[in-house]
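Topology and contacts: notes
Chain by chain, the residues run as shown.
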Amino acid sequence: MWRLAGLPDILSRDEIQQLLTAFDRNNATGMRDYAVTRCLLDLGLRRTEVAHLCLNDIDLRAGTLTLHGKGRRIDVVPLPRRTGEAIAAYLQRGRPQTTRREVFVRHRPPINAEANLDIVRNAVRYAAERCGLQQRVRGTHIFRHTMSCQMAQGGAPFKEIADLLRHRSLDTIYAKVDVPSLRRVAVP
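Keep in mind that this is a model prediction, so the values were computed, not measured. (Residues numbered from 1 in each chain as written. Predicted model: local features only at pLDDT ≥ 70, side-chain atom pairs only at ≥ 80, totals over all residues. Heavy atoms only, no water.)

**Comments concerning the nonpolar core**
Counting 48 residues, the largest nonpolar core has Val50, Leu53, Leu65, Ile87, Phe104, Val137 and Phe143 as the members making the most contacts within it. Counting residues per element, the ones that place at least two in this core are helix H1 (13-20), helix H2 (28-43), helix H3 (47-51), strand E2 (64-68), helix H4 (81-93), helix H5 (117-130), helix H6 (141-153) and helix H7 (158-164). (Core = buried A, V, L, I, M, F, W, Y, C linked by side-chain atoms within 4.5 Å. Buried < 20%, exposed > 50% of the residue type's maximum accessible area, 1.4 Å probe, protein only. Helix = DSSP H or I, 4+ residues; strand = E, 2+ residues; numbered from the N terminus.)

**Let's talk about the pairing of strand E3 (residues 74-78)**
Residues in a regular strand project their side chains so that they alternate between the two faces of the sheet. The alternating pattern of E3 places Asp75 and Val77 on a buried face, while none of Ile74, Val76 and Pro78, on the opposite face, is buried. Bridge analysis of E2 against E3 gives 5 bridges, and the strand direction is antiparallel. When the sheet's bridge partners are listed, Leu67 is paired in E3 with Asp75. In this structure, the hairpin formed by E2 and E3 is closed by a connection of 5 residues, where Gly71 is found at a positive phi of approximately 60 degrees. (Pairing = 2+ DSSP bridges.)

**Describing the pattern of salt bridges**
Counted according to the given criterion, the structure contains 10 salt bridges. A salt bridge links Glu49 to Arg46; the nearest nitrogen and oxygen atoms lie 3.2 Å apart. On the accessibility criterion, Arg46 (22% relative accessible area) is partly exposed. Put simply, Asp118 and Arg121 hold a salt bridge, and the shortest N to O gap is 3.2 Å. Separated by 3 residues within a single helix, Asp118 and Arg121 lie in helix H5, roughly one turn from each other. (Salt bridge = Lys/Arg side-chain N within 4 Å of Asp/Glu carboxyl O.)

**Some words on the sheet that holds strand E1 (residues 58-59)**
Adjacent strands of a sheet pair through backbone hydrogen bonds, lying either parallel or antiparallel. As summarised here, the arrangement of the 3 strands in space is E1-E2-E3, forming an open sheet in which the pairing is antiparallel. Edge positions in the open sheet fall to E1 and E3, since each of these has one partner strand only.

**Concerning the environment of Ile87**
For Ile87, the location among the structural elements is in helix H4. You can call Ile87 buried: its relative accessible area is 0%. Sequence separation between Ile87 and Leu60 is 27 residues, and the spatial gap between their C-alpha atoms is 9.5 Å.

**Here's the deal with the packing of H2 against H6**
To characterise two packed helices, one gives the angle between the axes of the helices and the distance between these axes. It is the contact of H2 with H6, at a shortest axis distance of 7 Å, that shows an interaxial angle of 40 degrees. Here H2 lies oblique to H6, going by the angle between them. Counting all contacts with H2, which are made through Thr37, Leu40, Leu41, Asp42 and Leu43, the residues of H6 involved are Phe143, Thr146 and Met147. Considering only residue class, the contact of H2 with H6 consists of 5 nonpolar, 2 polar and 1 charged. (Axes fitted to C-alpha atoms, helices over the stretch in contact; angles between N-to-C directions. Parallel < 35°, antiparallel > 145°, perpendicular 65-115°, else oblique. Contact = heavy atoms within 4.5 Å. Nonpolar A, V, L, I, M, F, W, Y, C, P; charged D, E, K, R; others polar.)

**Some words on the packing of aromatic side chains**
Applying the stated criterion to the full structure yields 2 aromatic pairs. When the ring centre of Tyr34 is taken as reference, the NZ or CZ atom of Arg25 above it lies at 3.9 Å. (Phe/Tyr/Trp six-rings, centres within 6.5 Å; stacked < 30°, edge-to-face > 60°. Lys NZ or Arg CZ within 6 Å of the ring centre and 35° of its normal.)

**Details of H2**
Over its 16 residues, H2 extends 22 Å from the first C-alpha to the last, a length consistent with the 22 Å expected when each residue adds 1.5 Å. Counting buried residues in H2 gives 14 out of 16 residues, a clear majority hidden from the surface. Two or three places before Thr29, at the opening of H2, Asn27 has a side-chain oxygen 3.1 Å from that residue's backbone nitrogen. Downstream of H2 by one or two residues, Gly44 has phi in the positive range, about 65 degrees. (Expected span 1.5 Å × (residues − 1). Polar contact = N/O pair within 3.5 Å; in protein donor to acceptor, adjacent residues only side chain to side chain.)

**A word on the packing of H2 against H4**
Running from N to C, H2 and H4 point in directions that differ by 155 degrees, and their axes come no closer than 9 Å. Classed by the angle they form, the pair H2 and H4 counts as roughly antiparallel. Crossing hand, H2 versus H4: left-handed. On H4, the residues touching Ala28, Met31, Arg32, Tyr34, Ala35, Arg38, Cys39, Asp42 and Leu43 of H2 are Arg82, Thr83, Ala86, Ile87, Ala89, Tyr90 and Arg93. Partitioning the contact of H2 with H4 into residue classes produces 10 nonpolar, 1 polar and 5 charged. (Left-handed = near helix turned anticlockwise from the far one by under 90°.)

What follows is the structure, given as structure tokens:
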């Protein structure tokens, strides 16, 4: 019955800026958590996609990211400049020495372990608490909604939004967010 659900909750541009400034990018954990959040916000990645992102999935020169999704599905998506810069900064100056191939790793014992789903969720949750958005940012899915809404409001076709979010169907909740476009095609 998700079709009958209300509009998805999204963050305003001011709230996004407020959240992004809540990270201390002068320390390793802050660099990691900022890069994690950029992946969620700029690419609309799912929490599991961020946690399992590997070093060889990133092509900074080509500006692409390879995602391994459900059912062995592989997608190559464009890597936004700000996201690539955040990941590169973390890899160069924040990531601890490890043999792990995952991009994001733990910074506390056990050190030689990948960042799990909780680390991805907590990166966002703790930043939201620091900037007073804990009532608005309760999980990571709000970033997918926010990104898709921004794209729709910017005039992106629903097919493009669905492709970037790796949806198999255009029949998604994200179609509900572009109220101005829906009004233009609605019967008076």
